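# Remarks on the overall topology
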Amino acid sequence: MTAYVALIRAVNVGGTGKLTKEELKAIGEACGFEQARTFINSGNLLFTSDLAESIVRKRVEDRLTHHFGKPMPAFVRTARELAEAVRMNPFGDDKPSRVMAHYIDEVPTQAMIDEARDVAGERLALGPRLIYVSYGDGIGKTKLKLPAVKRGTARNMNSVKRMADLLAEME
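Summary of the structure given here. This structure is a prediction, so every number in the text was calculated from the model and none was measured.

The secondary structure content of the protein chain amounts to five helices and eight strands. For the protein chain, the sequential pattern of α-helices and β-strands runs β-α-β-β-α-β-α-β-α-β-β-β-α. Taken over C-alpha atoms, the radius of gyration comes to 16 Å for the protein chain, in line with the 16 Å a tight globule of 171 residues would show. On the principal axes, the C-alpha backbone points of the protein chain span a range of 45 × 35 × 25 Å.

Here it is in structure tokens:
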């Protein structure tokens, strides 16, 4: 069994739709996943499955499409990948609440960071299927534009660490 998290984009936090923790857990159960649970009310579904990541993602996205009536992306990662994201965080000198892991589908490249605009004190770094951004003065004040993460989803490092710990317990 592999422990996974599906990070759902743009729900509940000023996003495109409302999805309660109960509804998200029910989606995980309807997909046939085991130990389905959520973490905070912002689109984080934790579960275990013997299925490959690509199949897991398709099942989640199909259920989300049915729920919302339009396609909704999910970014699926394993327990190992979340633990790696925590371990590799290059901005451990900043508050974890100010460091975001922006999850994307592509393998991140330096070109993605180079196309960032309006950088004013933020620090950026490549990670495993993610781009780290340290928002030193807080994300609420940033003017940063990072086109590579526009279709992705982000979680702060406090949340990533907690989900990594929960997933480790589920394996």
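In this section: the packing of helix α3 (residues 79-87) against helix α5 (residues 157-170). Where α3 contacts α5, the axes come no closer than 9 Å and their chain directions differ by 140 degrees. By the criterion of interaxial angle, the relationship of α3 to α5 is oblique. The hand of the α3/α5 crossing is left-handed. On α5, the residues touching Ala-79, Leu-82, Ala-83, Ala-85 and Val-86 of α3 are Met-157, Val-160, Lys-161, Met-163, Ala-164, Leu-167 and Ala-168. A per-class count over the contact of α3 with α5 returns 11 nonpolar, no polar and one charged.

Judged by pairing direction, the sheet is antiparallel, and its four strands sit side by side in the order β6-β7-β5-β8 without closing on themselves. Only two strands of the sheet have a single partner each, and these edge strands are β6 (123-127) and β8 (153-156). The average angle at which neighbouring strand axes cross in this sheet is 25 degrees, direction not considered. When strand β5 (residues 99-103) meets β8, the two strands line up antiparallel, connected through four bridges. Bridging from a neighbouring strand, His-102 pairs with Ala-154 of β8.

Once that is clear, we can look at the environment of Leu-130. Turning to its location among the elements, Leu-130 is positioned in strand β7 (residues 130-134). For Leu-130, a relative accessible area of 0% translates into the label buried. The spatial distance from the C-alpha of Leu-130 to the C-alpha of Glu-106 is 8.3 Å, given a sequence separation of 24 residues. With residues up to four places along the chain from it excluded, the contact list for Leu-130 reads Ala-85, Ala-101, His-102, Tyr-103, Ile-104 and Pro-108.

For the coordinates displayed, the defined rule picks out 10 salt bridges. Residue Arg-57 is joined to Asp-105 by a salt bridge in which the shortest nitrogen-to-oxygen separation is 2.7 Å. Of this pair, Arg-57 sits in helix α2 (residues 53-68) while Asp-105 sits in the loop between β5 and α4 (110-114); the two residues are 48 residues apart in sequence, bridging distant segments of the chain. Here Arg-57 falls in the partly exposed class, since its relative accessible area comes to 23%. Overall, the relative accessible area of 41% leaves Asp-105 in the partly exposed class. What you see here is one network of salt bridges that share partners, running through Glu-53, Glu-81 and Arg-129.

Bringing the packing of aromatic side chains into the picture now. Under the criterion given, the structure shown has two aromatic pairs. Centre to centre, the rings of Phe-33 and Phe-47 are 4.0 Å apart; their planes meet at 10 degrees, and the pair counts as stacked. Taken together, the positions of Phe-33 in the loop between α1 (21-30) and β2 (34-38) and Phe-47 in strand β3 (residues 44-49) put the pair 14 residues apart, joining distant regions of the chain. The pair Phe-33 / Phe-47 is uniform in exposure class, with both members buried. Connected via pairs of aromatic rings, a cluster forms that spans Tyr-4, Phe-33 and Phe-47.

Conventions used here
- Residues numbered from 1 in each chain as written.
- Predicted model: local features only at pLDDT ≥ 70, side-chain atom pairs only at ≥ 80, totals over all residues.
- Heavy atoms only, no water.
- Helix = DSSP H or I, 4+ residues; strand = E, 2+ residues; numbered from the N terminus.
- Rg over C-alpha atoms; globule rule 2.2 N^0.38 Å.
- Axes fitted to C-alpha atoms, helices over the stretch in contact; angles between N-to-C directions.
- Parallel < 35°, antiparallel > 145°, perpendicular 65-115°, else oblique.
- Left-handed = near helix turned anticlockwise from the far one by under 90°.
- Contact = heavy atoms within 4.5 Å.
- Nonpolar A, V, L, I, M, F, W, Y, C, P; charged D, E, K, R; others polar.
- Pairing = 2+ DSSP bridges.
- Buried < 20%, exposed > 50% of the residue type's maximum accessible area, 1.4 Å probe, protein only.
- Salt bridge = Lys/Arg side-chain N within 4 Å of Asp/Glu carboxyl O.
- Phe/Tyr/Trp six-rings, centres within 6.5 Å; stacked < 30°, edge-to-face > 60°.

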